[in-house]
Amino acid sequence: SIWASAFSSGGVASTNLLRSGHHNKFSARCAVRLWSDVPVGGCDDSDHKYSASSQRSHIVSVKSHNIAGIVNDKGNCDIEIEFGSAACLVCVTGESGSGKSLLVSKALDVVTGGKATNTLVQDQDKESWIELIVRLCEPHLSTVSSTLQHFGIDPLILYHQHTEDTTDVGDHNNEHASVGYLHLQRTLVAGSSGKLKSICRINEKHVSLKTLREIASPLFTTVDVGVASGALARAASRLAMLDIGVEDSLKQQCIQSRDVFKEATKRRKKIKKELESRILPSSMQGNAYGSELEQEQIELLEHWVDELDMFEARVNRFQEAIYEQYSELIADGNGPGSNNIISTLQKFRECVWGEHNDDDDSILANLLQFREDIKAVESQLIAANAAYEGLASLTATESAAVSLERVRKLLYTISSDDSGPMFEKVERTHELLNIVEESLNECARSIDGGSNSIISTLENARSTGVSMEEVDGLVADWNALARKHGISPYALPTCHTSLRKEIDGNVEALKLLPEAEEDERVAFEDYTHACEELSYAREIVASNLSRSVTELLPSLGLECTFQVQLTQRPGGFDDPYCGSETLGVDVVDLLLFHNKVNGGPNESKRGGKIEQVGSSGEKSRVLLAIETCLPGSIGATCNNCSPQHVVQNGNSPISIVYDEIDAHVGGRAAVTIAKLLADQSSGGASRAGNQIIAITHSASVAAIADRHIVIERGSTSGSSSPAVRASVVDGSSRRKEIARMASGDLAMGEAATFADALIRDALLHRDA
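Below is a summary of the structure that appears in this document. (Residues numbered from 1 in each chain as written. Predicted model: local features only at pLDDT ≥ 70, side-chain atom pairs only at ≥ 80, totals over all residues. Heavy atoms only, no water.)

1. Topic: the packing of helix α12 (residues 363–392) against helix α16 (residues 468–485)
Right, on to step 1. Two elements in contact, α12 and α16, have axes whose closest approach is 11 Å; the angle formed by their N-to-C orientations is 145°. Judged by the twist between their axes, the crossing of α12 over α16 is left-handed. In this structure, α12 contributes Ile363, Leu364, Leu367, Leu368, Phe370, Arg371, Ile374, Lys375 and Glu378 to the contact, and α16 contributes Met468, Val471, Asp472, Leu474, Val475 and Trp478.
Right, on to step 2. Residue composition of the contact of α12 with α16, grouped by class: 11 nonpolar, no polar and 4 charged. (Axes fitted to C-alpha atoms, helices over the stretch in contact; angles between N-to-C directions. Helix = DSSP H or I, 4+ residues; strand = E, 2+ residues; numbered from the N terminus. Left-handed = near helix turned anticlockwise from the far one by under 90°. Contact = heavy atoms within 4.5 Å. Nonpolar A, V, L, I, M, F, W, Y, C, P; charged D, E, K, R; others polar.)

2. Some remarks on the side chain of Ser393
Right, on to step 1. Considering the arrangement of structural elements, one finds Ser393 in the loop between α12 and α13 (400–414).
Right, on to step 2. Here the side chain of Ser393 touches Glu389 through a polar contact of 3.1 Å, side chain to side chain.
Right, on to step 3. Those residues in contact with Ser393 that sit more than four places away from it in its chain are Tyr388, Ser399, Ala401 and Val402. (Polar contact = N/O pair within 3.5 Å; in protein donor to acceptor, adjacent residues only side chain to side chain.)

3. Looking at the sheet that holds strand β12 (residues 606–609)
Right, on to step 1. Ordered by their spatial adjacency, 3 strands build an open sheet running β10-β11-β12, and the pairing between neighbours is antiparallel. Strand pairing shows two members of the sheet lacking a second neighbour, β10 (560–568) and β12, which therefore form its edges. The sheet shows a mean angle of 20° between the axes of neighbouring strands, taken without regard to direction.
Right, on to step 2. As paired elements, strand β11 (residues 586–594) and β12 share 4 bridges and run antiparallel to each other. Of the residues in β12, the one forming a bridge with Leu592 is Gly608.
Right, on to step 3. Packed on one face of the sheet, helix α8 (residues 235–243) meets β10 and β11 and runs near 90° to β11.
Right, on to step 4. Set on the sheet, helix α20 (residues 616–629) makes contact with β10 and β11; between it and β11 the angle comes to about 120°. (Pairing = 2+ DSSP bridges.)

4. Structural notes on the packing of aromatic side chains
Right, on to step 1. Scanning the entire structure with this criterion turns up 6 aromatic pairs.
Right, on to step 2. Relative to Trp353, the ring of Phe311 lies with its centre 6.0 Å away and its plane at 65°, an arrangement referred to as edge-to-face. Here Phe311 is found in helix α10 (residues 295–331), whereas its partner Trp353 is found in the loop between α11 (340–350) and α12, with 42 residues between them in sequence.
Right, on to step 3. In this structure an aromatic cluster arises from ring pairing among Phe261, Phe524 and Tyr527.
Right, on to step 4. Above the plane of the ring of Tyr577 lies Arg569, whose end atom (NZ or CZ) is 3.7 Å from the centre. (Phe/Tyr/Trp six-rings, centres within 6.5 Å; stacked < 30°, edge-to-face > 60°. Lys NZ or Arg CZ within 6 Å of the ring centre and 35° of its normal.)

5. Let's talk about the pattern of salt bridges
Where charged atoms from two side chains of opposite charge come close, those side chains can pair.
Right, on to step 1. Across all of its chains, the model carries 23 salt bridges by this definition.
Right, on to step 2. Residue Arg740 is joined to Glu95 by a salt bridge in which the shortest nitrogen-to-oxygen separation is 3.0 Å. Here the residue Arg740 occupies a position in helix α25 (residues 731–743), and Glu95 occupies one in the loop between β4 (89–93) and α3 (100–111), the gap between them amounting to 645 residues.
Right, on to step 3. Judged by relative accessible area, Glu95 falls into the partly exposed class, the value being 48%.
Right, on to step 4. A salt bridge links Arg314 to Asp477, with the nearest nitrogen and oxygen atoms 2.4 Å apart. Taken as a pair, Arg314 in helix α10 and Asp477 in helix α16 lie far apart in primary sequence, 163 residues in all.
Right, on to step 5. Take Asp477: its relative accessible area is 32%, and that puts it in the partly exposed class.
Right, on to step 6. By sharing partners, the salt bridges in this structure join Arg238, Asp589, Lys609 and Glu611 into a single network. (Salt bridge = Lys/Arg side-chain N within 4 Å of Asp/Glu carboxyl O. Buried < 20%, exposed > 50% of the residue type's maximum accessible area, 1.4 Å probe, protein only.)

Here is the structure:
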């Protein structure tokens with residue numbers, strides 16, 4: 001074994017070495033294997049092999065209805081693809097444009113909660129839906145059951161489908177039932193605005209699109225050129241891939257120690273913030289963190305607290321008086337927003353002494369505002385009284401009433417006759433003066449002439465039940481106490497609370513802070529140690545993965561050197577990363593170097609980070625090589641799961657769909673890809689194997705597949721929509737399809753002979 005020199009049986013290093021500081025000081029399991037070491041086995045007709053693959057989870061079928069305007073060869077809108085009754089290698093072939101990717105990878109993405117576009121629903125008058133049936137075995141059955149329970153769904157629904165499979169399902173009430181079925185359905189409905197709406201069901205139970213996505217999407221992985229490029233470009237995905245080769249217990253330990261450290265840091269900050277928020281007199285601030293107080297300080301504190309207790313009681317009595325007046329004003333029909341005083345009273349009565357408020361919302365702020373509002377009303381009253389005097393006063397020489405009388409007297413001197421033209425004119429003027437006098441009297445009554453007059457309204461507003469002298473005295477004493485303690489007047493209630501805690505023996509927070517700081521220090525050391533263990537394990541995985549993939553790449557047509565490079569985040573172990581995106585302090589880069597062409601000593605290798613220098617085909621083949629050497633990495637890389645989800649779930653995907661990953665590959669590389677896909681499906685000593693669905697144009701992949709599905713496109717009478725047929729081929733039909741893939745319509749006889757040779761070679765590989 002390539003690990004024999006580094007690890008004891010089971011791949012775990014001695015814990016004693018961990019503590020003693022020897023070179024191999026970290027425990028780790030690095031599940032990196034050479035491709036040549038992987039035992040292979042097919043899903044052929046032999047009973048034991050078929051039985052093993054049938055006891056693994058797999059997709060049974062995917063069915064599309066009215067999707068993208070496609071109809072079947074019978075003219076209806078149903079296209080169903082059956083993947084068989086075992087988890088094996090299934091190839092899907094057909095001419096370019098026949099709909100392979102649409103009916104398999106796109107349908108799988110949509111039915112598990114992926115993005116749906118309007119092009120999928122071309123006939124908006126008809127219902128469009130996709131359904132997926134999955135056979136669940138352990139460990140996926142337990143994982144899906146737990147996820148359903150998390151969303152409040154009874155996991156027994158997994159046993160209510162396809163119960164005709166009585167040999168495996170058994171009594172669905174038996175908690176030890178080992179097989180269940182997951183039936184996913186997503187219906188697409190075009191709304192009036194043109195936006196698609198989704199109706200989702202899991203085993204006939206309605207769920208939200210988000211719930212469907214959370215439950216179903218982690219179970220399947222699709223790998224194509226775009227997915228491979230995106231996965232290799234994401235730092236979190238690269239790290240998740242590498243962590244597949246690390247012992248789960250190490251990752252779980254790192255997650256737990258990180259969470260403990262974060263909680264300890266949060267607790268320490270909370271206690272420190274509480275201590276720092278205490279407002280004490282300036283004479284005590286130097287002793288704010290002392291654990292004990294001298295007797296003289298205690299006596300002084302008692303005096304201050306008693307003094308402030310009395311002032312608090314005075315403020316409370318003032319508030320009670322204000323509250324009574326506020327209630328009377330409301331009872332008199334004055335709403336909370338009828339004037340400024342009412343609004344201020346409403347705020348003032350809601351303030352509580354000692355509660356932390358912004359300065360603008362504190363008791364003092366509202367008290368000062370109340371005083372300003374009263375002064376403003378008094379100024380308005382003075383103005384109103386002056387206006388009344390200016391209109392109706394008979395003693396003020398400048399009033400309108402005195403001026404009116406003066407005008408009358410002057411008119412009397414103009415004419416003393418009882419008749420005549422002048423008399424009539426003077427009388428007319430007197431009549432107009434009477435109208436003016438009546439208007440002046442009405443104006444005077446509006447200012448001061450009843451309950452609805454201006455002066456009466458202002459006097460009611462001023463009647464708050466407290467005098468200005470009382471308000472001014474309260475504010476003056478408030479400021480005096482603040483100056484005495486050397487603090488802001490707004491901070492006086494908070495200072496009172498802090499003093500009271502101090503005199504009551506507020507040593508709890510003072511004692512808790514050192515304890516919290518010690519807990520944080522211990523948690524930091526534990527987390528740092530866990531990160532160091534994790535980093536050491538990753539270094540071993542990275543080294544062996546680099547060597548294994550580099551040895552495999554030439555058989556895939558890549559004369560390259562592959563290297564997994566580990567660096568540290570800023571801060572490293574001195575300030576380890578505590579976020580949830582990735583785990584530990586490491587950053588992973590995947591490097592690809594093209595080997596020297598001529599081998600000259602001065603010729604340097606060309607390459608760099610794979611996401612920058614690798615072509616689309618190279619990225620896909622490198623990802624396939626990594627999955628071969630590190631089983632399960634594709635699921636961790638492409639599903640975008642958090643580190644905690646990967647650790648808790650721990651299962652490889654049910655199915656991996658390779659969508660033309662072998663594009664632009666031929667010759668020996670195509671044969672190697674075919675064998676690698678077959679090995680992934682059959683599994684081996686260190687992996688359970690997956691259902692592999694390969695959408696391909698490679699005759700080598702088709703020849704080695706356990707099940708061969710052909711997608712054919714034609715036309716149907718009476719319909720302008722393309723007709724599509726999905727059929728399973730075997731025997732001569734399969735040989736004919738492989739021959740077509742190899743040569744098209746040319747040299748069909750020789751192509752059929754070549755197809756037979758491919759199938760024979762595939763059988764030899766399966767039986768090896």
